[in-house]
Amino acid sequence: MTAESLSAPEACEETEPTPLRMRRTMGTFASGVTVVTGIGRDGLPAGFACQSFASVSLEPALVLFCADHRGRTWPKIREAGRFAVNILAEDQTDLCGRFGSSRGRKYEGLDWEVSRWGTPSLPGVLTRVHADVYDVHGAGDHDVVVGRVLALETVADRQPMLFFRGGFGVESPAAPTDPWSWGDHWG
């Protein structure tokens, strides 16, 4: 890097951060796709597709995900206090679609099991992270949920599902007109 390159920024488009522009811009960050699952106090399984997931700390072992305040599923999982993050493989768009939609019965006809931690384990995922809700921070229209990890489960050794510019994979992403249109409501 030269002194000249430090003083002359690259030409780029700058816009106000409207919701649509935020979606388009954030859609350029490729992320993995997960399904966060739990069992509500009513004894029924709940789950939602989530791409906002990350490791927070190694000691203690903490992870985080973000969930929309308006979602019907996250309040059930929050009340239960325990969840699993099921990290999807690249060929599991069916699971993503099932849990990314607010319509239909997410678990109907699905071969799933209750883990020894009392959370729904989805079939064929890459990894499962079982955790207790450790802390929740309100942030705009979402909650940032920090979980204390109870156990890690490696299930399969395949390629991960990636979400990029409104589509899955990075080879030929969807046109960036509405990069979050897949599924009608995540979180």
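Residues numbered from 1 in each chain as written. Predicted model: local features only at pLDDT ≥ 70, side-chain atom pairs only at ≥ 80, totals over all residues. Heavy atoms only, no water.

Asker: Give a detailed account of the environment of R24, specifying residues and quantitative values.
Answerer: Topologically, R24 is positioned in helix α2 (residues 19-26). The sequence separation of R24 and R165 amounts to 141 residues, and the corresponding C-alpha distance is 7.1 Å. (Helix = DSSP H or I, 4+ residues; strand = E, 2+ residues; numbered from the N terminus.)

Asker: Could you give an account of the pairing of strand β2 (residues 34-39), naming the residues involved and the relevant values?
Answerer: Where burial is concerned, most of β2 is hidden: five out of the six residues are buried. Relative to strand β3 (residues 45-50), β2 is paired through six bridges, and the arrangement is antiparallel. Opposite T37, over in β3, you have G47 as the bridge partner. From the end of β2 to the start of β3, which pair antiparallel, there are five residues, and G43 there has a positive phi angle of about 85°. Judged from the four bridges that link them, β2 and strand β6 (residues 82-87) form a sheet pairing that is antiparallel. Within β6, the position partnered with T34 by the bridge is I87. (Buried < 20%, exposed > 50% of the residue type's maximum accessible area, 1.4 Å probe, protein only. Pairing = 2+ DSSP bridges.)

Asker: Break down the sheet that holds strand β10 (residues 142-154) for me, with residues and values.
Answerer: The strand order β3-β2-β6-β9-β10-β5-β4 describes an open sheet built from seven strands, whose pairing is antiparallel. Of all the strands in the sheet, the pair left with one neighbour each is β3 and β4 (53-57). Looking at each pair of strands side by side, their axes are set apart by 35° on average, direction ignored. Here strand β9 (residues 127-139) runs beside β10; their pairing, made up of 12 bridges, is antiparallel. By the bridge assignment, T127 is partnered in β10 with T154. Against the sheet, helix α3 (residues 73-80) makes contact with β2, β3, β5 (62-68), β6, β9 and β10, and its axis sits at roughly 120° relative to β3, the strand it touches most. Lying over the sheet, helix α4 (residues 93-100) contacts β2 and β3, oriented at roughly 110° with respect to β3. (Axes fitted to C-alpha atoms, helices over the stretch in contact; angles between N-to-C directions. Contact = heavy atoms within 4.5 Å.)

Asker: Residue-level account of the nonpolar core, with values.
Answerer: Core analysis: the biggest nonpolar cluster contains 16 residues, and V36, F48, F65, W74, I77, F83 and V145 have the highest contact counts within it. If you list the elements that add at least two residues to this core, you get β3, β5, α3, β6, β9 and β10. Not counting residues up to four positions away in its chain, the partners in contact with F65 are V36, F48, C50, S52, F53, W74, F83, D143, V144 and V145. (Core = buried A, V, L, I, M, F, W, Y, C linked by side-chain atoms within 4.5 Å.)

Asker: Break down the side chain of S57 for me, citing the residues and quoting the values.
Answerer: Structurally, the position occupied by S57 is in strand β4. Within the structure, S57 has its side chain in polar contact with the backbone oxygen of P60 (distance 2.7 Å). (Polar contact = N/O pair within 3.5 Å; in protein donor to acceptor, adjacent residues only side chain to side chain.)

Asker: I'd like a rundown of the packing of aromatic side chains, residues and numbers included.
Answerer: Within the structure shown, the criterion is met by five aromatic pairs. Summarising the aromatic geometry, the rings of F65 and F83 are spaced 5.0 Å apart at their centres and angled 80° between planes, so their arrangement reads as edge-to-face. In this pair, F65 is assigned in strand β5 and F83 in strand β6, connecting sequence segments 18 residues apart. By relative accessible area, F65 is classed as buried at 0%. Members of the aromatic cluster, each reached through a chain of ring pairs, are F48, F65, W74 and F83. (Phe/Tyr/Trp six-rings, centres within 6.5 Å; stacked < 30°, edge-to-face > 60°.)

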